[in-house]
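# Observations on the model geometry
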Protein chains: 2
Amino acid sequence: MSTAVAPVKIAILGCGTVGTQVVRLLTEQRDDLSARVGAPVDIAGIYVRDTSVPRDDVVPVDLLTSDAETLVDAADVVVEVMGGDEPARTLILRALAAGTGVVTANKALLATRGAELYEAADEAGADLYFEAAVAGAIPLVRPVRESLAGDHVTRILGIVNGTTNYVLDEMTTKGLDYADVVAEAQRLGYAEADPTADVGGHDAAAKAAILASLAFHQRVHLDDVYCEGITEVSADDIAAAKETDRVIKLLAIAERAEDGVSVRVHPTLLPSSHPLAGVRGAFNAVFVEAEAAGELMFYGQGAGGAPTASAVLGDVVSVARHVAGGGRGPRESNYARHDVLPMDAAQTRYAVRMSVQDRPGVLSAVAQMFANHGVGIESVRQMAGKGHAGLILSSHRASEAALAATVEDLRASDSVNDVWSVLRIEGE
Amino acid sequence: MSTAVAPVKIAILGCGTVGTQVVRLLTEQRDDLSARVGAPVDIAGIYVRDTSVPRDDVVPVDLLTSDAETLVDAADVVVEVMGGDEPARTLILRALAAGTGVVTANKALLATRGAELYEAADEAGADLYFEAAVAGAIPLVRPVRESLAGDHVTRILGIVNGTTNYVLDEMTTKGLDYADVVAEAQRLGYAEADPTADVGGHDAAAKAAILASLAFHQRVHLDDVYCEGITEVSADDIAAAKETDRVIKLLAIAERAEDGVSVRVHPTLLPSSHPLAGVRGAFNAVFVEAEAAGELMFYGQGAGGAPTASAVLGDVVSVARHVAGGGRGPRESNYARHDVLPMDAAQTRYAVRMSVQDRPGVLSAVAQMFANHGVGIESVRQMAGKGHAGLILSSHRASEAALAATVEDLRASDSVNDVWSVLRIEGE
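Model, not experiment: these values are computed from the prediction. (Residues numbered from 1 in each chain as written. Chains lettered and ligands numbered in written order. Predicted model: local features only at pLDDT ≥ 70, side-chain atom pairs only at ≥ 80, totals over all residues. Heavy atoms only, no water.)

## Some details on the packing of helix α5 (residues 107-124) of chain B against helix α11 (residues 202-216) of chain B
Residue and element names in this part refer to chain B. Closest axis-to-axis distance for the α5/α11 pair is 9 Å, and the angle between their directions is 55 degrees. When the interaxial angle is binned, α5 and α11 end up oblique. In the packing of α5 onto α11, the handedness of the crossing is left-handed. For the pair α5 and α11, the contacting residues are Lys107, Leu110 and Ala111 in the first and Asp203, Ala206, Lys207, Ala209 and Ile210 in the second. Across the contact of α5 with α11, the residue classes tally to five nonpolar, no polar and three charged. (Axes fitted to C-alpha atoms, helices over the stretch in contact; angles between N-to-C directions. Helix = DSSP H or I, 4+ residues; strand = E, 2+ residues; numbered from the N terminus. Parallel < 35°, antiparallel > 145°, perpendicular 65-115°, else oblique. Left-handed = near helix turned anticlockwise from the far one by under 90°. Contact = heavy atoms within 4.5 Å. Nonpolar A, V, L, I, M, F, W, Y, C, P; charged D, E, K, R; others polar.)

## A closer look at the domain arrangement of chain A
Segmentation of chain A into domains returns domain 1 (8-136 + 305-325), domain 2 (144-300) and domain 3 (343-425). Placing a centre on the C-alpha atoms of domain 1 of chain A and another on those of domain 3 of chain A gives a separation of 53 Å. (Domains from an automatic or database assignment.)

## Here's the deal with the pattern of salt bridges
Applying the stated criterion across every chain, the model contains 54 salt bridges over all chains. Where A:Arg264 meets A:Glu255, a salt bridge forms, and the shortest distance between an N and an O atom there is 2.9 Å. The residues A:Arg264 and A:Glu255 share a single accessibility class, namely buried. For the salt bridge of B:Glu131 with B:Arg142, the shortest nitrogen-to-oxygen distance reads 3.6 Å. Pair noted here: B:Glu131 is in the loop between β6 (128-129) and α6 (132-135) and B:Arg142 is in helix α7 (residues 141-147), with a separation of 11 residues, a long-range link. Both residues of the pair, B:Glu131 and B:Arg142, belong to the buried class. When salt bridges with common partners are traced through the structure, they connect A:Arg155, A:Glu255, A:Arg264, A:Glu289, B:Arg397 and B:Glu426 into a single cluster. (Salt bridge = Lys/Arg side-chain N within 4 Å of Asp/Glu carboxyl O. Buried < 20%, exposed > 50% of the residue type's maximum accessible area, 1.4 Å probe, protein only.)

## Things to note about the pairing of strand β2 (residues 41-47) of chain B
Residues and elements named next belong to chain B. The buried fraction of β2 is high, at five of seven residues. Note that strand β1 (residues 8-13) and β2 share six bridges and pair parallel. In the strand pairing of β2, Ala11 is matched with Gly45. Taken together, the two bridges between β2 and strand β3 (residues 64-65) define a ladder with parallel strand orientation. Paired with Tyr47 across the two strands is Thr65, which belongs to β3. (Pairing = 2+ DSSP bridges.)

## Let's talk about the sheet that holds strand β1 (residues 8-13) of chain A
All names here are of chain A. Read across the open sheet, the six strands follow the order β3-β2-β1-β4-β5-β6; overall the sheet is parallel. Sheet topology places β3 (64-65) and β6 (128-129) at the edges, where each strand pairs with a single neighbour. Of the strand pairs in this sheet, β1 and strand β4 (residues 77-80) are connected by four bridges, and their pairing is parallel. In the sheet register, Ala11 faces β4, and the bridge partner there is Val78. The sheet contacts of helix α2 (residues 30-37) involve β1 and β2 (41-47), and relative to β2 the element is tilted by about 115 degrees.

## Quick notes on the sheet that holds β6(B)
Residues and elements named next belong to chain B. If you walk across this open sheet you meet the six strands as β3-β2-β1-β4-β5-β6, and the pairing is parallel. A single partner strand is all that each edge strand has here, and the edge strands are β3 and β6. Strands β1 and β2 of the sheet are contacted by helix α1 (residues 17-28), whose axis makes an angle of about 155 degrees with β2. Against the sheet, helix α4 (residues 88-97) engages β1, β4 (77-80) and β5 (101-104), with an angle of about 150 degrees to β5.

## With respect to the environment of A:Asp56
All names here are of chain A. Here Asp56 lies in the loop between β2 and β3. The spacing of Asp56 and Lys242 is 186 residues in sequence and 46 Å in space, taken between C-alpha atoms. A polar atom in the side chain of Asp56 sits 2.8 Å from the backbone nitrogen of Val58. (Polar contact = N/O pair within 3.5 Å; in protein donor to acceptor, adjacent residues only side chain to side chain.)

## Brief notes about the interface of chain B and chain A
Every contact between the two is made by 118 residues of chain B and, on the other side, 118 residues of chain A. Roughly 10100 Å² is buried in total at the junction of chain B and chain A, and carbon and sulfur atoms are behind 50% of that figure. Seen at the junction of chain B and chain A, the total is 12 salt bridges. Between A:Arg353 and B:Asp237 there is a salt bridge, and its shortest N-O distance comes to 2.6 Å. Linking chain B to chain A there are 36 residue pairs in polar contact (both at pLDDT 80 or more). Sort the elements by how many residues they give to the side of chain B that touches chain A and strand β10 (residues 260-271) of chain B lands first, with 10 residues. Residue composition of the side of chain B that touches chain A, grouped by class: 51 nonpolar, 32 polar and 35 charged. Pairing between strand β12 (residues 294-301) of chain A and strand β12 (residues 294-301) of chain B: three bridges, direction antiparallel. By the bridge assignment for β12(B), A:Tyr299 is matched with B:Met297. (Buried area = accessible area lost by both parts, 1.4 Å probe.)

## Things to note about the relation of the copies chain B and chain A
Screw-axis analysis of chain B against chain A gives a translation of 0.0 Å along the axis, an RMSD of 0.0 Å, and a rotation angle of 180 degrees. Both copies are brought into coincidence by an operation consistent with a two-fold rotation axis. Same-surface contact between copies: 99% of interface residues of chain B are shared with the interface of chain A. (Least-squares fit on C-alpha atoms with pLDDT ≥ 70 in both.)

## A closer look at helix α4 (residues 88-97) of chain A
Residue and element names in this part refer to chain A. The buried fraction of α4 amounts to seven of the 10 residues, a majority that puts the element mostly inside the structure. Of the positions making up α4, those classed as buried are Ala88, Arg89, Leu91, Ile92, Leu93, Ala95 and Leu96. Check the buried side of α4 and you find it contacts β1, α3 (68-74), β4, β5 (101-104) and α5 (107-124). A positive phi of about 80 degrees marks Gly99, the residue just after α4.

## Structural notes on the packing of α1(B) against helix α13 (residues 305-323) of chain B
Residues and elements named next belong to chain B. Where α1 contacts α13, the axes come no closer than 8 Å and their chain directions differ by 60 degrees. With respect to α13, the element α1 is oriented oblique. Regarding α1 and α13, the two cross each other, and that crossing is right-handed. Between α1 and α13, the contacting residues are Thr17, Val18, Gln21, Val22, Arg24, Leu25 and Leu26 on the first element and Gly305, Ala306, Thr308, Ala309, Ser310, Val312 and Leu313 on the second. Here the contact of α1 with α13 is built from residues that sort into eight nonpolar, five polar and one charged.

Following this line, the structure appears as structure tokens:
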């Protein structure tokens, strides 16, 4: 990376859970980010109300400032992760008016003041990116606004609040009552001390307004969104849903009707076979129906410091690229030069299914052959066999070469009648 | 849309299943596309080897030409949906050399000639987009290359071939043998007469090379990808997998190892609880693990004319925006002015759970109250109750207003003891 290129200066407004992770990623991954942007990426400063409050070690205290205006005016890209209405709104408008690109994770502000912010951005020809405001780490803005730009979205069904999905999931899998699960969720830190914004559906409603605006190319205000939470959902409701092979999810729904669009949040019965029905715990997922693309689903972590920061950083790279002059969309940035490993060097786990002699000492002989090549055995399962013993051995991570040598020994051994199959294991 | 703005001229190379759908969408949605691009979007011509071959009605015959060079040279955006190596490669290079943006769905070409094409695009500062080449309608290029640009992808596990997923799914759910399922898939048109490219894993390997290149910011050639198909997977393997609570999927895997990257395609055991395990039939899904974002999954249709055309059109809009001068990424295009409907006007289905008198005539009285407000009953389910009868009525689509009026009548009726809950139904 040539140091002759002027650095792109990033101002960070707010240093809470998300802000701290944004600072960490910008610091730890500075070289990669600079390579992707095409210019050095520097933190110009971090605005906090009180610079004397102790911070996480990853936050350079010398970058903290309580003078937001000066910081915003000096920045090439402004990252707003403070949340709330003011001063976030005024600072974002100040940046946009100066033509400075803004990245925000502030869903409440977008759902209520979106029109004002979008228009300010358009007027100044400044970037306004907000991937993190919709569903945390799950990419939705680019897919809906860009990838589907040649299609017509007809409906969006979204699980966009992790707390309520966790509560409903626990009620469903454990048959517990609403109140007990919420109390437990609060104890575990999955729910706020005052969970109203989540369980009342208000957080989901803000996201529904943003999703509907994206999907239908128009402004949808939070006040346009019908909102009903999960506080009235009973264990009986969930039991009755099960009887009809359905589950209850809190959905954010945006759909095109004949005479307009409908945007709403409410507890919803879904068939157990629906892709959204399988979304467990605090995960989020957004199901999109488009005329040509058909059914799409986007799944991931909708909240949390690091996941949200990941989405923020993706936007920072996009905006910084524009600042650095890469205006025509992302170039291929192939700065990485990792070797592509031969298959022998690949590491994974294996399930070896074989027929062995049905006599004492065979299992230890078989296990020894694995040990000889440094392949650890995670589990052994005996299977029904006629006159012989069927075995499934699941291994720990090992190289293809070690596994191949092991199988060669197994095939040569008189303890082993036949190696039926070797299958690789992922995702455990 | 001001007609003073110069139109963006689109050249389409190839008019097969995908090309025909691209032409249809460009024609049917011309106004919306023009609004999103900021300039009229016109088809300059459609290259086909033989213009005399009869075409689908949506293809304007006067736009057909067998002179590809002249068409490419006159275009602002070139859409390559002919597939194969030549003449696709030469025509794409010709366009890029002239600084003309290219959109291609040609995965085989990208997996083998990607380096040459990317470098030609970089040299000329021309756009090269290929969302449709990776997983059909599923947006992956933008999410991985842009949304995750501030993160580090550590592993990608992808179900990227619908034919093989359909075959394995049928073997799993119906306990059938490989050969029988493939024969049936060919009869139904889900598998080619010569299914080698699919069942041999070669189609998935090409996509794995493209995914790995995107995820790890470097070139990965098809020859670098270890490839093993599903032809050896037996009903016994699948039965044994079930015994250990796993399923077998053909996965395209790209992962960062300590000393390099590993890219491979092979049948893989996945825990039944893994999000990829639930991907049914011919659907595709790509599971992405990133350091900060955590686990993400992208699900949808990986093939087919219309879904693939949707991805192509999204890219066409991006490239056409650059041609029209919207260089700094997508502006908010809020040309739509649909009314946001009040909740009363929302249409959905309902499950009404209630306690009714346990005597003759009650069900017909209840049904009449639904009929009075034009709410059709889809199903009635009797539930265990003590001294009373519990009912769950599932309705057809109706308006919130009609349902509310129905519930009001139910509550006032002496046939009904109590309306326990009203829940809306989606996804059926």
